[in-house]
Amino acid sequence: MTPLWFDDTMGIGIAARIGVKFDQVGGSNASVQKVSFPFSAGVRSYVRVDPKWYLGLGGGTNKELAPSLSSSGDLQGGATFTSPWGGYGEFGVVNFSNWHTVFGITLRYTRMSLNYGGSAIRADNVGLTFSYQPNP
Amino acid sequence: MTNPNCATWAQWFVGAVMAGMLLSGSACTTSLYAGARRPFSDVGSVSASSTVELISLDRVEVQGGTFGRYELLPGPHLATFRGRRSSGFLFFEETEKSREFTSCFLVEPGHRYQLMATLESNAWETWVRDRASDQDALGCEDIASLARTNRLGSASLLDRDTSRAVLSRTPRPGNGPEFFLGYDYGGKTLVTATMAVRNGFPAGMDFSWDWEAW
């Protein structure tokens, strides 16, 4: 939601994002999977640099919901982590292909950790995402 | 025997489908003017017929294809579009498209207009139809003639130069849902598997699918 605009050149709003993250490692007889549901909320601004192009800047707080490891094959067992609130900053560009179709590329740095058995495992990461907005 | 839970799930399903239809229906109409949405009696709308692919209105790309409907303030406007004719079915469908046409037309409050195109004897014919009267909308020459004889009836219409017409509203991102697909990398090693080759992934590394609520 970007309700605050200055002369069609700069907009400021808020955004919330929920998703799923997945990774796995394994061999011929076993594998381990990691799944989590990242949630983030923060502010985002757009700066118009061309009739069809905007730069996007944003930042806020994030949390990994229900991060867990599970295994399959000859390896049995799993682990459930906790993840405290972290933060993120992002930068990207969006392009209006036409009024209803907006594509974007965003680079996001996320500061976070996973806690297990009283110890914290740093999980800071950089993510590259491609996005699509069906602009109403 | 009927499972009472089935009715609940069916209701949820029907509700979700109806909500989706409502959302998609509301998304098809776009108001192309600044400020709050006005009652339809104060504006007009334009859409494309099934043989038209709309490209831009007043030189701003809209490309609602053959499905979008756009509300415009009363006055002269420019539409750029292509004619299209399809034959065949599914994988064997062939679509023939025309060159781009630009038509100006006069929008009167409360009227709905439709961009029309037909291919006759290898020549495309295009026009804008006023669906209320089922007659052609006033075109460029009509508008110019009315303007010359001061019979447009509204000074605000005369002030507008269709050759330089610009929408009062520009597209703005960041409103509505946004869908993401991406890849994250970073963090300390969380799992290491020892196999023929050593393999593993760090704590922050993931393949992600995200959906942004606003």
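**Q** Just to check I follow, could you spell out a nonpolar patch on the surface for this structure?
**A** Residue and element names in this part refer to chain A. On the surface, Leu4, Phe6, Met10, Ile12, Val47, Val49, Trp53, Leu55, Leu57 and Phe91 cluster together into a nonpolar patch covering about 840 Å² of accessible area. Those elements that place two or more of their residues in the nonpolar patch are strand S1 (4–6), strand S2 (10–26) and strand S4 (53–73). A per-element tally of the nonpolar patch places S4 first, with three residues. What makes leucine 55 partly exposed here is its relative accessible area of 30%.

**Q** What should I look at first to understand the sheet that holds strand S8 (residues 112–120) of chain B in this one?
**A** Think of a sheet as strands paired side by side through backbone hydrogen bonds, with each pair either parallel or antiparallel. All names here are of chain B. Pairing within the open sheet is mixed, and its six strands lie in the order S1-S5-S2-S8-S9-S10. For this open sheet the edge positions go to strand S1 (29–31) and strand S10 (135–136), each flanked by a neighbour on one side alone. Both strand S2 (residues 44–48) and S8 contribute to a ladder of four bridges, which runs parallel. Following the sheet pairing, valine 46 is matched in S8 by tyrosine 113.

**Q** How should I be thinking about the pairing of S2 of chain B in this particular structure?
**A** Look at any regular strand and the pattern is simple: side chains alternate between the two faces of the sheet. Residue and element names in this part refer to chain B. Among the five residues that make up S2, five are buried, leaving the element largely enclosed by the rest of the structure. The pairing of S2 with strand S5 (residues 69–72) spans four bridges and is classified as antiparallel. Paired with glycine 44 across the two strands is leucine 72, which belongs to S5.

Procedures and definitions
- Counting of residues starts from 1 at the beginning of each chain's written sequence and follows it residue by residue.
- Chain letters and ligand numbers both follow the written order, the letters beginning at A and the numbers at 1.
- Where totals are concerned, whole chains, interfaces and linings use all residues; where local detail is concerned, this predicted model gives features only for residues with pLDDT of at least 70, and gives and counts side-chain atom pairs only at 80 or more.
- Note: side-chain values were computed over all heavy atoms of the structure, leaving out hydrogens and water.
- Patch membership requires more than 30% relative accessible area and the absence of a salt bridge. Residues of like charge join within 9 Å; the nonpolar side chains Val, Leu, Ile, Met, Phe, Trp and Tyr join within 5 Å.
- Every accessible area reported is derived by Shrake-Rupley at a probe size of 1.4 Å, with residue values counting cover from the shown protein chains alone.
- For this document, the term salt bridge refers to a Lys or Arg side-chain nitrogen within 4 Å of an Asp or Glu carboxyl oxygen.
- Strands here are runs of E lasting at least two residues and helices are runs of H or I lasting at least four, both read from the DSSP assignment and numbered beginning at the N terminus.
- Burial classes follow relative accessibility: with a 1.4 Å probe on protein chains only, a residue under 20% of its type's maximum area counts as buried, one over 50% as exposed, and anything between as partly exposed.
- At least two bridges found by DSSP between two strands are what make those strands a pair.

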